[in-house]
Structures are given as C-alpha cells and as structure tokens.
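Now for the letters of each chain:
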Amino acid sequence: MLIEGPMNITIGDPADGQGRVLAITFKPEFQALEIAEQGTEFRAYLQSLSDNISDIKDENDRARAGMLIVQQFAELLLPHIESRALALDESMVVQIRQESQVTALTDLLTSE
C-alpha cells in the first residue's frame, strides 16, 4: 500500500511482536511550507485519504484498513500541525496494538 502525502510512513514489527510500529517523518518539502500552506496541504491529504478509502468497498481489505489507521492518526495530527505545536523535523514512532488502535493513538497525542 502506497499513500502519497506530506509524511513518510514506515511500518514494522515491534520488539515484543505485538501489533505494529509506525515510524513517521514529514517530507522536507512539507516542512518548508508556510504554516497556512501546511494546513491546507494536510487537509487536502486527509481528503485524498478519505476518497481513496471510499473507493475500496470491501471493508475487510487490508489496504483500506491501513489507510483508515493513517487517516485516524492524521486527523489527530491536524490541529497540532496548524498550531505549529509539532516539530516537523523530528520523527515520531507509534506502536499500534490490535485491540486498541484508536485508543493508543488518542492517548499518545493527548498525553503531551
């Protein structure tokens, strides 16, 4: 599954073998944009994700499930990007566990 956008996302297996690990970095060209442009581009990225997810009708499709995870994470990032609260030149590592994907992502971003 290839998702074009302002982030590079690498998926791997964590050391404990539970769930998946996402390593997220923002592309240099996205980092170089003005704050307002970053918000506009990131919103367009979210719309593109939504459109691509809608195009896949099979709810059990693995690519669709992966895009949903990325979409949920990106939606949580949007206000932090627009307020410039994230250091876009740093990498983020997120561990997702099968039983609590959304909860883990929400907890990560709200624990700041």
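Residues numbered from 1 in each chain as written. Predicted model: local features only at pLDDT ≥ 70, side-chain atom pairs only at ≥ 80, totals over all residues. Heavy atoms only, no water.

Which residues make up a negative patch on the surface, and what values do they have?
A cluster of acidic residues, E29, E34, E37 and E41, forms a negative patch at the surface. Of note, E34 is situated in the loop between α1 (28–31) and α2 (35–55). (Patch = residues over 30% accessible without salt bridge, like charges linked within 9 Å, V, L, I, M, F, W, Y side chains within 5 Å. Areas by Shrake-Rupley, 256 points an atom, 1.4 Å probe, with all protein chains shown as cover. Salt bridge = Lys/Arg side-chain N within 4 Å of Asp/Glu carboxyl O. Lys, Arg positive; Asp, Glu negative; His and termini not counted. Charge placed at Lys NZ, Arg CZ, Asp CG, Glu CD. Helix = DSSP H or I, 4+ residues; strand = E, 2+ residues; numbered from the N terminus.)

Quick one: what's the story with the packing of α2 against helix α3 (residues 62–82), residue by residue and with numbers?
A pair of packed helices can be characterised by two numbers: the angle between their axes and the separation between those axes. Their axes nearest at 10 Å, the elements α2 and α3 cross at an angle of 160 degrees. On the basis of their axis angle, the class for α2 and α3 is roughly antiparallel. In this structure, α2 meets α3 at a crossing whose hand is left-handed. Each of I35, Q38, G39, F42, R43, Y45, L46, L49, S50, N52 and I53 in α2 lies in contact with α3, whose residues at this interface are R64, M67, L68, V70, Q71, A74, E75, L77, L78, I81 and E82. Looking at the contact of α2 with α3, its residues break down into 13 nonpolar, five polar and four charged. (Axes fitted to C-alpha atoms, helices over the stretch in contact; angles between N-to-C directions. Parallel < 35°, antiparallel > 145°, perpendicular 65-115°, else oblique. Left-handed = near helix turned anticlockwise from the far one by under 90°. Contact = heavy atoms within 4.5 Å. Nonpolar A, V, L, I, M, F, W, Y, C, P; charged D, E, K, R; others polar.)

Provide a residue-level description of the nonpolar core, including the pertinent values.
If you look at the biggest cluster of nonpolar residues, it comprises 23 residues, and the most contacted ones within it are M7, I24, F26, F42, Y45, L77 and I81. For this core, the secondary structure elements donating two or more residues are β2 (20–26), α2, α3 and β3 (92–96). Here this core gets eight residues from one element, more than from any other, and that element is α3. (Core = buried A, V, L, I, M, F, W, Y, C linked by side-chain atoms within 4.5 Å. Buried < 20%, exposed > 50% of the residue type's maximum accessible area, 1.4 Å probe, protein only.)

Summarise α3; cite the residues concerned and give the values.
Compared with the 30 Å implied by 1.5 Å per residue over 21 residues, the 30 Å span of α3 between its first and last C-alpha is a close match. The largest bend along α3 reaches roughly 30 degrees and is located at L76, with the proline P79 sitting one to four residues downstream. Within the sequence span of α3, burial applies to R64, G66, M67, I69, V70, Q71, F73, A74, L77, L78, H80 and I81. (Expected span 1.5 Å × (residues − 1). Bend = angle between axes of the 7 residues up to and from the residue.)

Explain the packing of aromatic side chains to me, and be specific about the residues and the numbers.
One pass over the structure, following the stated rule, counts four aromatic pairs. Between F26 and F30, the aromatic rings sit 5.6 Å apart at their centres with planes inclined by 20 degrees, giving stacked as the arrangement. By the burial criterion, F26 is buried, and F30 matches it. Aromatic side chains F42 and Y45 sit 5.6 Å apart centroid to centroid with 55 degrees between the ring planes, which places their arrangement in the tilted category. Taken as a pair, F42 and Y45 lie in helix α2 at a separation of three residues, close to a single helical turn. One aromatic cluster is present, formed by F26, F30, F42 and Y45 through successive ring pairs. (Phe/Tyr/Trp six-rings, centres within 6.5 Å; stacked < 30°, edge-to-face > 60°.)

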